Amino acid sequence: MVDALMRPQIRSVRSALHRWTADGGLAAAACTSTFLLAEAGLLDGRSATTTWWLRDLFVQRYPKVTLDMDRMVVRDGAIVTAGAAFAHIDLALNLVARISPRLASETAQALLIDQRPTPSVTAFTDHLHDQDRLVNDFEAWARTHLHLQVGVADAALALKVTRRTLERHVKEGLGTSPYAFLRALRAERATHLRATTSLPAEDIAHRVGYRDAGSVRRLHTGR
């Protein structure tokens, strides 16, 4: 493992990871690839996990990382790590859940295709059912009302919770704010409409809850 980390192509990957995360990109790794993130210094000061059979080497080589071997998937900000080989399923579901908890739940259900479901998928499904119900409800409400000029306060009122409660659940479940999630959903819908229809920019803006096309352009540029 140590020899592999010294290869020139691995150094190139480290540089690419630095550029990617510096631009706000999400980085995720499972099993031995968690060493790439650690080697690049991207896990310093963060919580992470790795494959069980290389735990001791990980601890020795990366003392600045808080290693959590009790969880299969550990998310810390924009970095997600997962354990051994079959943790790729858990990692994939976790990444999907950042964009759409509802889709992650449906995907997990679809993976339960025989009488012997994997413990990881079952645990993930139970987690979504037990802890992310409000987040699922918020996503469903948001997608239904994207064409309206509504905000977080409207969502909290419709879901019969306080704004603070909604913000806490979304932060814990998605790692972002309800406002940022609404904005991401609008950007997703606008991108889809641009790619699949011939609607003018103004019509697309109205269909994602904005007054004019300039708002949609700012939505994609982040300005």
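This text goes with the structure placed above it.
Residues numbered from 1 in each chain as written. Predicted model: local features only at pLDDT ≥ 70, side-chain atom pairs only at ≥ 80, totals over all residues. Heavy atoms only, no water.

The strand order S1-S5-S4 describes an open sheet built from three strands, whose pairing is mixed. Of all the strands in the sheet, the pair left with one neighbour each is strand S1 (27-30) and strand S4 (73-76). The sheet shows a mean angle of 10° between the axes of neighbouring strands, taken without regard to direction. The pairing of S1 with strand S5 (residues 79-82) spans four bridges and is classified as parallel. Bridge pairing in S5 places Ala27 opposite Ile79. The sheet strands contacting helix H5 (residues 87-99) are S1, S4 and S5, and the helix crosses S5 at an angle near 155°. (Pairing = 2+ DSSP bridges. Helix = DSSP H or I, 4+ residues; strand = E, 2+ residues; numbered from the N terminus. Axes fitted to C-alpha atoms, helices over the stretch in contact; angles between N-to-C directions. Contact = heavy atoms within 4.5 Å.)

The final tally for this structure, using the stated rule, is seven salt bridges. Ionic pairing is found between Asp56 and Arg55, a salt bridge with its closest N-O pair at 3.3 Å. Where Arg143 meets Glu188, a salt bridge forms, and the shortest distance between an N and an O atom there is 2.8 Å. Taken as a pair, Arg143 in helix H8 (residues 133-144) and Glu188 in helix H11 (residues 178-196) lie far apart in primary sequence, 45 residues in all. Residue classification places Arg143 among the buried residues on the basis of a relative accessible area of 19%. Taken together, the salt bridges that share partners define one network made up of Glu139, Arg143 and Glu188. (Salt bridge = Lys/Arg side-chain N within 4 Å of Asp/Glu carboxyl O. Buried < 20%, exposed > 50% of the residue type's maximum accessible area, 1.4 Å probe, protein only.)

This part takes up helix H2 (residues 8-22). Taking 1.5 Å of rise per residue, 15 residues should cover 21 Å, and H2 covers 21 Å from first to last C-alpha, within 8% of that figure. Within the sequence span of H2, burial applies to Ile10, Arg14 and Leu17. Summarising the axial view, the buried residues of H2 lie within an arc of 60°, below the 170-degree limit, and thus occupy one face. Away from the buried face of H2 by more than 90 degrees, exposed residues Pro8, Arg19 and Ala22 are located. Those residues of H2 that are buried are in contact with helix H1 (2-5) and helix H3 (34-39). Positive phi shows up at Gly24, right after H2, with a value of about 90°. (Expected span 1.5 Å × (residues − 1). Arc of directions from axis to C-beta.)

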